[in-house]
Amino acid sequence: MAFNIPETGQERIVIIGAGFAGLKLARSLVRSDFQIVLIDRNNYHQFQPLFYQVAMAGLEPSSISFPLRKIFQKAQNVLIRYAEIERIDLEGNRVYADLGYLNFDKLVICTGATTNFYGNEAIEELTLPMKSISEALGLRNAILTDYERALSIRDFDERQELIDIVVVGGGATGVEVAGALAEMKKYILPKDYRELPYGEVDIYLVHAGSQLLPGMSENASVNSLKYLRDLGVKVILNKRVQSFDGDYVTTNDGEKIRCGKVIWAAGIVCPVLQGFPTEILGRGRRIRVNRHLEVIDRQDIFALGDAALVEGDPAYPDGHPQVAQTAIQMAKLLSRNLKKSARSQWKPFAYKDLGAMATIGRNRAVVDLPRVKFKGFFAWVVWLTVHLFSLLGVRNKVIVFLNWMWNYLTYDQSLRLIIRPGKTRKEKQ
Ligand SMILES: Cc1cc2nc3c(=O)[nH]c(=O)nc-3n(C[C@H](O)[C@H](O)[C@H](O)COP(=O)(O)OP(=O)(O)OC[C@H]3O[C@@H](n4cnc5c(N)ncnc54)[C@H](O)[C@@H]3O)c2cc1C
């Protein structure tokens, strides 16, 4: 069965994924001569850099998500489909989803990346990733539920399992989560869970490398380590987590850490759609593209964002950083190129590094800009401002701003609800 999409005579561009890349591309092609079909497994765009604040009960999911239909209410040439693409037929110019199939003239793959468990099934099953809003909410529920349960446990060892948390991966996500957990321990637990011996709560950050925040400057790495240690996080460097059985984390040198919750932020890998030729995949299963972002040896098939591995850029021989700016810049370039009638006018992709930043909690952040690097309160304000302005929608910006102000002034957040989906009537039967 075919998707129900009108045949308008316009050239049809199918975009899979409405993350930073897919959304930017679709928005840039509003009012162009193309028919755009934007497909995502969610009916909203999610702002991943603030997932950890949802997980730590600092923000509600709705304040960092934006409904796709609202964004394109007035865009006549953009059609949204809420569907999961399962298979691609590159020879037949067709994508297949649960809804049926859809033909395309041009295809743009913007499916992002997913958590990399490095093939370890036990770790995949037992740890908590944070690559979607629902996973962030799952994490929030798990943390709060365990604190609630720990109140009734007398045995020290059993309690440790519920209250201690291991974060794996010292990239920006791991560092930000560990910092936020340490602040929760410092400011929230003594008020909300007075009976809990919160001095017993241990937060570990295990990182395989010798420096936190790989990809950022040495200064940023050293300062983030200091900030985390000041907050009481037990940072373990140069060790890999080898296994987790639900009760203990074991590192590669045999060290065992007692804990029941592991947050897995140790790397990403790209999902591969069925039917996609594996010889076109590069490191991290990213899709190899040329500097026009067109898939190697294919015409009119493109890949953008985390999913794309650009070949032929001497400045980035291993590919561009998998961050929001890369996705946005790629989408801008492709939309400009597609609007030009002659391919000879197409421009190659050249990444403009705007810098990187991470926050480790209240008044603590590290910022690396191309010409200057700084830390502390000013860096934290810059971090807040950049993230606030990057959010979609005025309503979201206002809500997040008010939340942050409230949290800052009161040292509190008011969102610590454990909300689990109820069973539908069908499920109860
Ligand atoms: C926790 C976290 C924190 C981060 N923090 C930062 C940060 O501070 N700064 C920064 O620059 N970057 C950050 N990043 C990275 C940044 O979010 C990504 O680089 C960026 O989202 C990549 O954009 P994208 O469009 O390629 O993919 P995504 O934004 O991941 O979008 C992919 C989209 O494709 C959809 N999709 C995937 N497969 C299918 C399918 N088969 N069918 C239909 N839809 C599908 C998904 O639902 C999703 O909407 C962070 C990422 C995470 C997870």
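Everything below is about the structure printed above this text.
Residues numbered from 1 in each chain as written. Predicted model: local features only at pLDDT ≥ 70, side-chain atom pairs only at ≥ 80, totals over all residues. Heavy atoms only, no water.

Chemist: Where do I start with the overall build of the protein in this structure?
Modeler: Scanning the protein for helices and strands turns up 12 helices and 24 strands. Relative to the 2.2 N^0.38 estimate, which gives 22 Å for 429 residues, the radius of gyration of the protein is 23 Å and therefore close to what a compact globule would have. In terms of overall dimensions, the protein has a C-alpha envelope of 70 × 60 × 45 Å along the principal axes. For the protein, buried positions account for 52% of its 429 residues. Contacts spanning at least 24 positions in sequence make up 63% of the contacts within the protein whose residues lie at least 6 apart. Here the protein has roughly 20,600 Å² of accessible surface; of this, 51% comes from carbon and sulfur atoms. Here the protein contributes 55 positively and 46 negatively charged side chains, and the mean placements of these two sets differ by 8 Å. (Helix = DSSP H or I, 4+ residues; strand = E, 2+ residues; numbered from the N terminus. Rg over C-alpha atoms; globule rule 2.2 N^0.38 Å. Buried < 20%, exposed > 50% of the residue type's maximum accessible area, 1.4 Å probe, protein only. Contact = heavy atoms within 4.5 Å. Areas by Shrake-Rupley, 256 points an atom, 1.4 Å probe, with all protein chains shown as cover. Lys, Arg positive; Asp, Glu negative; His and termini not counted. Charge placed at Lys NZ, Arg CZ, Asp CG, Glu CD.)

Chemist: Just checking my understanding: could you explain the site of the ligand for this structure?
Modeler: Residues in close proximity to the ligand total 28 residues, the closest being A21, D40, Q48, I85 and D306. Between the ligand and D40, the relevant distance is 2.6 Å, taken from an oxygen atom to a side-chain nitrogen or oxygen of the residue. The backbone of Q322 places a nitrogen or oxygen atom 3.1 Å from an oxygen atom of the ligand. For the ligand, the accessible surface in isolation is 1,000 Å², of which the surrounding protein chains cover 89%. Of all elements in the fold, only α1 (20–28) and α9 (324–339) reach the threshold of two or more residues within the shell around the ligand. Here the residues of the shell around the ligand sort into 13 nonpolar, 10 polar and 5 charged. Counting contributing residues, the shell around the ligand receives three or more from each of domain 1 (12–113 + 270–345) and domain 2 (121–267). (Near = heavy atom within 4 Å. Polar contact = N/O pair within 3.5 Å; in protein donor to acceptor, adjacent residues only side chain to side chain. Nonpolar A, V, L, I, M, F, W, Y, C, P; charged D, E, K, R; others polar. Domains from an automatic or database assignment.)

Chemist: Whenever I open this one, α1 confuses me. Can you help?
Modeler: Because each turn of an α-helix spans 3.6 residues, side chains separated by three or four positions in sequence point in the same direction. Counting buried residues in α1 gives 7 out of 9 residues, a clear majority hidden from the surface. Along α1, the positions that sit buried rather than exposed are F20, A21, G22, L23, L25, A26 and S28.

Chemist: I keep staring at the pattern of salt bridges and nothing clicks. Help me out?
Modeler: Opposite charge on two side chains makes pairing possible when the charged atoms of those side chains draw close. Per the stated rule, a full pass over the model turns up 23 salt bridges. Note that E200 is salt-bridged to R159, the shortest N-O span being 2.8 Å. Of this pair, E200 sits in the loop between α7 (172–192) and β12 (203–207) while R159 sits in helix α6 (residues 156–163), placing them 41 residues apart in sequence. It is possible to trace a salt-bridge network through shared partners that takes in E11, K106, E294, D300 and R343. (Salt bridge = Lys/Arg side-chain N within 4 Å of Asp/Glu carboxyl O.)

Chemist: Explain a positive patch on the surface to me, please; I cannot follow it from the model alone.
Modeler: Positive charge collects at one region of the surface, where K332, R336, K339 and K347 lie side by side. Within the secondary structure, R336 is located in helix α9. (Patch = residues over 30% accessible without salt bridge, like charges linked within 9 Å, V, L, I, M, F, W, Y side chains within 5 Å.)

Chemist: Please clarify how the sheet that holds strand β17 (residues 261–264) should be interpreted in this entry.
Modeler: What the 4 strands build is an open sheet, ordered β13-β12-β11-β17; its pairing is parallel. Because the sheet does not close on itself, it has two edges, and the strands there are β13 (234–237) and β17. Here the strands of the sheet are splayed against their neighbours by 20° on average, with no regard to which way each runs. The sheet contact formed by strand β11 (residues 165–168) and β12 spans 4 bridges and is parallel. Following the sheet pairing, V168 is matched in β12 by V206. (Pairing = 2+ DSSP bridges. Axes fitted to C-alpha atoms, helices over the stretch in contact; angles between N-to-C directions.)

Chemist: Which parts of the structure should I look at to understand a nonpolar patch on the surface?
Modeler: On the surface, a nonpolar cluster with roughly 460 Å² of combined accessible area is contributed by V394, V398, F401, L402 and M405. Relative to the assigned elements, F401 resides in helix α11 (residues 394–410).

Chemist: I keep staring at the pairing of strand β2 (residues 35–40) and nothing clicks. Help me out?
Modeler: For a regular strand, side-chain orientation follows a simple rule: the groups alternate between the two sheet faces. Counted residue by residue, β2 has 6 buried out of 6 residues, so it is predominantly covered. Here β2 shows a buried face lined by Q35, V37 and I39 and a second buried face lined by I36, L38 and D40. As paired strands, strand β1 (residues 12–16) and β2 are joined by 5 bridges and run parallel to one another. The residue bridging V14 from the neighbouring strand is V37, located in β2. Between β1 and its parallel partner β2, the chain crosses via α1, and the hand of that crossover is right-handed. (Right-handed = clockwise from strand over helix to strand, strands pointing away.)

Chemist: Please clarify how the packing of aromatic side chains should be interpreted in this entry.
Modeler: One pass over the full model with this rule turns up 11 aromatic pairs. Between F377 and W380 the ring centres are 6.0 Å apart and the planes differ by 40°, which places this aromatic pair in the tilted class. Taken together, the residues F377 and W380, both in helix α10 (residues 377–390) and 3 residues apart, mark about one turn of the helix. Judged by relative accessible area, F377 falls into the partly exposed class, the value being 49%. Here W380 falls in the buried class, since its relative accessible area comes to 11%. Of the aromatic side chains, those joined through ring pairs into one cluster are F377, W380 and Y408. Positioned above the aromatic ring of Y187 is the side chain of R362, whose terminal nitrogen or guanidinium carbon lies 5.9 Å from the ring centre. (Phe/Tyr/Trp six-rings, centres within 6.5 Å; stacked < 30°, edge-to-face > 60°. Lys NZ or Arg CZ within 6 Å of the ring centre and 35° of its normal.)

Chemist: Can you walk me through the environment of V372 in this structure?
Modeler: For V372, the location among the structural elements is in the loop between β23 (364–368) and β24 (373–375). Sequence separation between V372 and K234 is 138 residues, and the spatial gap between their C-alpha atoms is 29 Å.

Chemist: Is there a simple way to explain the nonpolar core in this structure?
Modeler: A general feature of soluble globular proteins is that nonpolar side chains tend to end up buried together. Counting residues in each nonpolar core, the largest one holds 123 residues, and the members touching the most others are L107, Y147 and L304. Among the elements that take part in this core, α7 stands out by supplying 9 residues, more than any other. A domain split of this core shows at least three residues from each of domain 1 (12–113 + 270–345) and domain 2 (121–267). If near-sequence neighbours (up to four positions away) are discounted, Y147 is found in contact with I163, I165, M184, L189, Y193, L196 and V201. V166, V249, C259 and V262 belong to the second largest nonpolar core, which has 14 residues in total. (Core = buried A, V, L, I, M, F, W, Y, C linked by side-chain atoms within 4.5 Å.)

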